[in-house]
Amino acid sequence: MTMPLVLLAGVLMTVVTIDGAALEYRAARERGTMGSFTARKLDCSGRGPCYWQGVYVSAHGTKPNAWIFGYASWELSEGDQVSALDAGHDVKVFRPGYYDLVGVLMMAGLSLAILLLPAYLLWRTLRKRPPKPPRWRPARPTWRHHRL
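Small disclaimer: the values here were computed from a predicted structure and weren't measured.

(A) Examining the overall build of the protein chain more closely. When you go through the protein chain residue by residue, the secondary structure sums to two helices and five strands. Of the regular secondary structure in the protein chain, the N- to C-terminal order runs α-β-β-β-β-β-α. Taking 2.2 N^0.38 as the reference for a compact globule, 148 residues should give roughly 15 Å; the C-alpha atoms of the protein chain span a radius of gyration of 30 Å, well beyond that estimate. The C-alpha extent of the protein chain, read off along each of the three principal axes, is 115 × 30 × 25 Å. Looking at the protein chain residue by residue over its 148 residues, the buried ones come to 24%. Residue pairs in contact within the protein chain that sit at least 24 positions apart in sequence constitute 61% of those at least 6 positions apart. Carbon and sulfur atoms make up 62% of the accessible area of the protein chain, which amounts to about 11400 Å² in all.

Here it is, written out as structure tokens:
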């Protein structure tokens, strides 16, 4: 029962990884809507790195609760306005030309490991099976002549 769940988790992780990689690729190629991001608040509440929340404004609309990737916590201050790229995410905008290769590679490695785990465990289980007992054969008589 566990192996199908692990396989399902691997498939879902792969879908998320491919979607994230496509978004990162669009941002790296600067394919999307250019606009400006105004930093409002530095958020360090999560386990990961800190990120800036703020307002993204472009010719196509405004995202009042956007957060930007590609800037470190010390690179911006409250009220700073920088150019940003909307690559198609709901709230995430990017520094133009920014590409998180390390994050994409880590997600790809993790999803590959989760996908290959059931196959590896099956291989180990089959390899450790005890050998089959030999088929039964009638014993051959041994004709030994005893010398007197």
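(B) Examining the nonpolar core more closely. The biggest cluster of nonpolar side chains holds eleven residues, and these are Phe-37, Ala-39, Trp-52, Tyr-56, Ala-66, Ile-68, Tyr-71, Leu-76, Val-82, Ala-84 and Val-93. When sequence neighbours within four positions are dropped, the list of residues in contact with Val-93 reads Phe-37, Tyr-56, Trp-67, Ile-68, Phe-69, Ala-84, Leu-85 and Asp-86. With five residues, the next largest nonpolar core counts Leu-23, Ala-27, Leu-85 and Ala-87 among its residues.

(C) Representation of the pairing of strand 3 (residues 61-69). The pairing of strand 2 (residues 51-58) with strand 3 spans six bridges and is classified as antiparallel. Within strand 3, the residue paired with Tyr-56 across the bridge is Lys-63. Connecting strand 2 to the next strand, strand 3, in antiparallel fashion are two residues. Where strand 3 and strand 5 (residues 92-94) come together, three bridges link them in parallel fashion. If you follow Phe-69 over to strand 5, its bridge partner there is Phe-94.

(D) Here's a closer look at the packing of aromatic side chains. Enumeration over the complete set of coordinates arrives at four aromatic pairs. Taken together, a centroid distance of 5.3 Å and an interplanar angle of 50 degrees make the contact between Trp-67 and Phe-69 tilted. For Phe-69, a relative accessible area of 23% puts it in the partly exposed group. Between Phe-69 and Phe-94 the ring centres are 6.4 Å apart and the planes differ by 50 degrees, which places this aromatic pair in the tilted class. With Phe-69 in strand 3 and Phe-94 in strand 5, the pair connects residues that are 25 residues apart, well separated along the chain. Ring-pair connections join several aromatic residues into one group, and the members of that group are Tyr-51, Trp-67, Phe-69 and Phe-94.

Parameters at a glance
Counting from 1, residues in each chain are numbered in the order their sequence is written. Totals for whole chains, interfaces and linings use all residues, but because this is a predicted model, local features are given only for residues with pLDDT of at least 70 and pairs of side-chain atoms are given and counted only at 80 or more. Computation of side-chain values: all heavy atoms of the structure, hydrogens and water removed. In this text, helices come from DSSP runs of H or I with a minimum length of four residues, and strands from runs of E with a minimum of two, each type numbered from the N-terminal end. For the radius of gyration, the atom set is restricted to C-alpha positions; the globular benchmark scales as 2.2 Å times the number of residues to the power 0.38. Relative accessibility thresholds used throughout: buried, under 20% of the residue-type maximum; exposed, over 50%; partly exposed, between the two (1.4 Å probe, protein chains only). It only takes one pair of heavy atoms within 4.5 Å for two residues to be counted as in contact. Each accessible area value is a Shrake-Rupley result obtained with a 1.4 Å probe; residue values ignore everything except the protein chains displayed when judging cover. In this description, a nonpolar core means a group of buried Ala, Val, Leu, Ile, Met, Phe, Trp, Tyr and Cys residues linked to one another through side-chain atoms lying within 4.5 Å. A pair of strands counts as paired when DSSP detects no fewer than two bridges linking them. Only centres within 6.5 Å qualify two rings of Phe, Tyr or Trp (six-membered ring in Trp) as a pair; their planes then separate them into stacked at under 30 degrees, edge-to-face at over 60, and tilted for everything else.

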